[in-house]
Amino acid sequence: MAPNAPLTAPKHADVNGLGEPWDPRRPTFRGVDLTKVDSRLKVPNIEIRSGSGDTVIAFVDVLIVDSTGAAPYRGDVLVKGKRIFSVGSKVAPEDLQGALVFEGRGRTLMSGLCDSHAHATFINSPTLDDITALPIEEHTILSTRSVRQFLDSGYTMCLGAAAAKPRMDLVVRNAIQAGDIPGPRYLANGQEMAPRDGALCEGITTFVETTDDITKTINAFADAGVDTVKLSMSGDEILEDLRAEDSTFPDELVVAGVEAAHAMGIRVCSHARSDQSVRQCLQYGIDILYHCSFISDESMDALEAQKDRVYVAPALNILYSSLLVAEKAQFGFKKSDAEKYRRELDICIAALKEMKRRGIKILPGGDYGFAWTPHGSYQDLELFVNLLGFTPMEAILSATALGGEIMMHPHELGKVQPGYYADLILIDGNPLEDISVLTPINGKLDVIVINGQIHKDRDGHGL
């Protein structure tokens, strides 16, 4: 195109995959406005029953990043019981009596972080087959270790992105909520669903071949108590015979799956790397999109039109880390694999930059739990800044305020505000100047609080 040629709107297909009317800029499906959240969705429970209403914690003279979008400011924060009582104003002497006091000393206080693509039941194995071969007893214990590692790393919110075994996310979530094990507020998923010839790994997949199959499966997951369900709708470059640009789900199964889940009040997330799978998500009402690497201009327009309803968690880290280990021929990767990961990473980065420009909600969550992406190595916020052009504040908001939104508790999670849950991290440094202080391997997390209880205390209060 000549430099000064007039721009023309891209031509869009006017039907969806079922042959029914479709306009990506004014998306509807059978009379349903896809720009609006389905009113049938229920707010999931995120309460942790442990903790005392008598606890008082004071953070004195800290740099507060409150995740409202305001500039950081110095002040005090008072916690009473499970919630934040006051923010900014000086804590009264009588409130300091008997309180556990943390002096700021130049440190930053902010909300705990959210991983929106969490696999607690992926336990740092080299392959998916290795995960599924593990006996359930050992698998459960290692999954409890994973959720502790999330919390140890400052992640106080996690949205499950599929469990390796059907009920394992549920068991872990229930144990956290009962106060039996330490972990973040966790929304549980079931096993991912796919037709047999579209499974990424048979052992982690519940097979669905018909609309009746998927409806019954989702009803069973919902009856068991999951908070979300997942459709695996594309391939992945980790496989030789089912590549990332391949699509795996018939349209009628996507429609039936979304309807079944929403009728039960739960959301649907999707493994969707190919453009066709992304477009299906947007044509039929899927709520949370993972990856979106090969999204087209048409699908980008549809995503922008639905940006108030839909969340994207690209899991950028799995591509980035897979490229690094392929270049070194580690963990069973071949050096020849590097090119395919480099290609997808480059395309994905360009797509995510365009999503950011259009105001689409992008959240961290990196597919952790493989041997080359082990739990505890969480680095998404650095990648958002260094690869996607996020400012440190934008990266923090994506992991905190947007985390509260995707957890469906935006008025009590993800911000440092009175009345919000006291899920807080105290950092040795200023993440607005150096985002890497939020990367756990750098050792800058001094204090972690969840539900008003101290989980980690490097200040030496002897807890």
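Residues numbered from 1 in each chain as written. Predicted model: local features only at pLDDT ≥ 70, side-chain atom pairs only at ≥ 80, totals over all residues. Heavy atoms only, no water.

**Notes on the packing of aromatic side chains**
Put simply, the rule reads: Classification of ring pairs uses Phe, Tyr and Trp, with its six-membered ring standing for Trp, and accepts pairs whose centres are within 6.5 Å; under 30 degrees between planes counts as stacked, over 60 as edge-to-face, and the remaining range as tilted. Only runs of H or I of at least four residues qualify as helices and only runs of E of at least two qualify as strands under DSSP, and these elements are numbered from the N terminus. Here's how the labels work: a residue is buried when its accessible area is under 20% of the maximum for its type, exposed when over 50%, partly exposed in between, all with a 1.4 Å probe on protein chains only. Counted as over-ring charges are cases with an Arg CZ or a Lys NZ within 6 Å of the ring centre that also lie within 35 degrees of the ring normal.
Applying the stated criterion across every chain yields a total of twelve aromatic pairs. Centre to centre, the rings of Phe-59 and Phe-102 are 5.3 Å apart; their planes meet at 15 degrees, and the pair counts as stacked. Residue Phe-59 is located in strand E3 (residues 56-65), and its partner Phe-102 is located in strand E6 (residues 100-103); the two are separated by 43 residues in the primary sequence. Take Phe-102: its relative accessible area is 0%, and that puts it in the buried class. Measuring from centroid to centroid gives 5.0 Å for Phe-370 and Trp-372, while their planes differ by 25 degrees, and the two rings are stacked. Within the aromatic cluster, the residues linked to one another by ring pairs are Phe-122, Phe-331, Phe-333, Tyr-341, Phe-370 and Trp-372. Here Arg-83 stacks its cationic end above the ring of Tyr-421, 3.9 Å away from the centre of that ring. The side chain of Arg-196 reaches across the aromatic face of Phe-207, ending 3.9 Å from its centre.

**Examining the layout of surface pockets**
Stated precisely, the cut-off is as follows: Using protein atoms alone on a 1 Å grid, points that fit a 1.4 Å probe yet trap it form a cavity, whereas open point sets bounded by protein on both sides within 12 Å along at least five of seven lines form a pocket; residues with an atom within 4 Å of a point count as lining. Grid points are joined across faces, edges and corners, and a volume is the space filled by probe spheres set on the points. Three classes are used, and their members are as follows: Ala, Val, Leu, Ile, Met, Phe, Trp, Tyr, Cys and Pro are nonpolar, Asp, Glu, Lys and Arg are charged, and the others, Gly among them, are polar.
In this structure, the largest pocket occupies an estimated 380 Å³ of space. Forming the boundary of the largest pocket are 18 residues, of which Pro-126, Thr-127, Leu-128, Ile-238 and Leu-239 lie nearest the centre. The set of elements that each furnish at least two residues to the lining of the largest pocket consists of helix H2 (128-133) and helix H10 (338-357). Residues of the lining of the largest pocket, tallied by class, amount to ten nonpolar, two polar and six charged. For the lining of the second largest pocket, the secondary structure elements donating two or more residues are strand E2 (32-33) and helix H6 (251-263). Here the lining of the second largest pocket takes four residues from H6, the largest share from any one element. The residue makeup of the lining of the second largest pocket, split by class, is six nonpolar, two polar and eight charged.

**Regarding empty space enclosed by the protein**
Enumeration over the complete set of coordinates arrives at two cavities of 30 Å³ or more. Considering only enclosed or pocket space, the largest cavity measures out at about 240 Å³ in volume. Lining the largest cavity are 20 residues, with Leu-200, Asp-236, His-271, Asp-367 and Phe-370 positioned closest to its centre. Considering every element that reaches the lining of the largest cavity, the biggest residue donor is helix H9 (residues 316-327), with three residues. Residue composition of the lining of the largest cavity, by class: ten nonpolar, five polar and five charged.

**Comments concerning the side chain of Lys-340**
Rules: Throughout, a contact is declared for two residues whenever any of their heavy atoms are within 4.5 Å.
Along the chain, Lys-340 falls in helix H10. By relative accessible area, Lys-340 is classed as buried at 14%. Beyond its immediate chain neighbours, meaning those up to four positions away, Lys-340 contacts Glu-237, Leu-239, Glu-240 and Arg-243.

**Some points on the packing of H6 against helix H7 (residues 275-284)**
Stated precisely, the cut-off is as follows: Axis definition: a line fit to C-alpha positions, over the contact stretch in the case of helices; interaxial angles, taken between N-to-C directions, run 0 to 180 degrees. Note on terminology: angles under 35 degrees are roughly parallel, angles over 145 are roughly antiparallel, angles of 65 to 115 are roughly perpendicular, and the others are oblique. For any helix crossing, the convention is left-handed if the near helix is rotated counterclockwise from the far helix by under a right angle, and right-handed if that rotation is clockwise.
Contact geometry for H6 and H7: axes closest at 10 Å, N-to-C directions at 45 degrees. Taken together, H6 and H7 sit at an angle that is classed as oblique. As for the relative orientation of H6 and H7, their crossing is right-handed in sense. Each of Asp-251, Val-254, Val-255 and Val-258 in H6 lies in contact with H7, whose residues at this interface are Gln-280, Gln-283 and Tyr-284. Taken together, the residues of the contact of H6 with H7 sort by class into four nonpolar, two polar and one charged.

**Points about the packing of helix H3 (residues 136-152) against helix H4 (residues 168-177)**
The contact between H3 and H4 brings their axes to 10 Å, and the two run at 50 degrees. Our classification of the angle between H3 and H4 gives oblique. Both H3 and H4 take part in a crossing whose hand is right-handed. Contact residues: Ile-136, His-139, Thr-140, Ser-143 and Val-147 in H3; Met-168, Val-172 and Ile-176 in H4. For the contact of H3 with H4, a count of residues per class yields five nonpolar, three polar and no charged.

**Things to note about the pattern of salt bridges**
Just so we agree on the cut-off: Throughout this description, the term salt bridge denotes a Lys or Arg side-chain nitrogen within 4 Å of a carboxyl oxygen of Asp or Glu.
Under the defined criterion, the tally for this structure stands at 34 salt bridges. As a salt-bridge pair, Lys-216 and Asp-212 come within 3.1 Å of each other at their nearest N and O atoms. Of this pair, Lys-216 and Asp-212 are both found in helix H5 (residues 211-224), four residues apart, which corresponds to roughly one turn of the helix. Through salt bridges that share partners, Arg-25, Asp-301, Glu-304, Glu-354, Arg-357 and Arg-358 make up one connected network.

**Considerations on the pairing of E6**
The two faces of the sheet receive side chains in turn, since in a regular strand these alternate between them. Put simply, the rule reads: Strands were regarded as paired on the criterion that DSSP finds at least two bridges between them.
Residues of E6 alternate between two faces, with Leu-100 and Phe-102 buried on one and Val-101 and Glu-103 left unburied on the opposite face. In this sheet, E6 lies alongside E3 in parallel orientation, the contact comprising four bridges. Pairing of Ala-58 across the sheet is with Val-101, part of E6.

**Notes on the environment of Gly-154**
Summarising the element assignment, Gly-154 is placed in the loop between H3 and strand E9 (155-160). Taking the relative accessible area as the measure of exposure, Gly-154 reaches 0% and is therefore buried. Taking the C-alpha atoms as reference points, Gly-154 and Val-449, 295 residues apart in sequence, are found 8.7 Å from one another. In contact with Gly-154, other than residues within four places in its own chain, are Gly-112, Leu-113, Ile-425, Leu-445 and Ile-448.

**Observations concerning unusual backbone geometry**
The backbone of Asp-61 sits at a positive phi, close to 55 degrees, despite the residue not being glycine. With respect to the helices, strands and loops of the structure, Asp-61 is situated in strand E3. With a relative accessible area of 39%, Asp-61 lands in the partly exposed category. A positive phi angle, near 70 degrees, is found at Met-408, a position not held by glycine. Locating Met-408 in the fold gives a position in the loop between helix H13 (401-406) and strand E17 (424-427).

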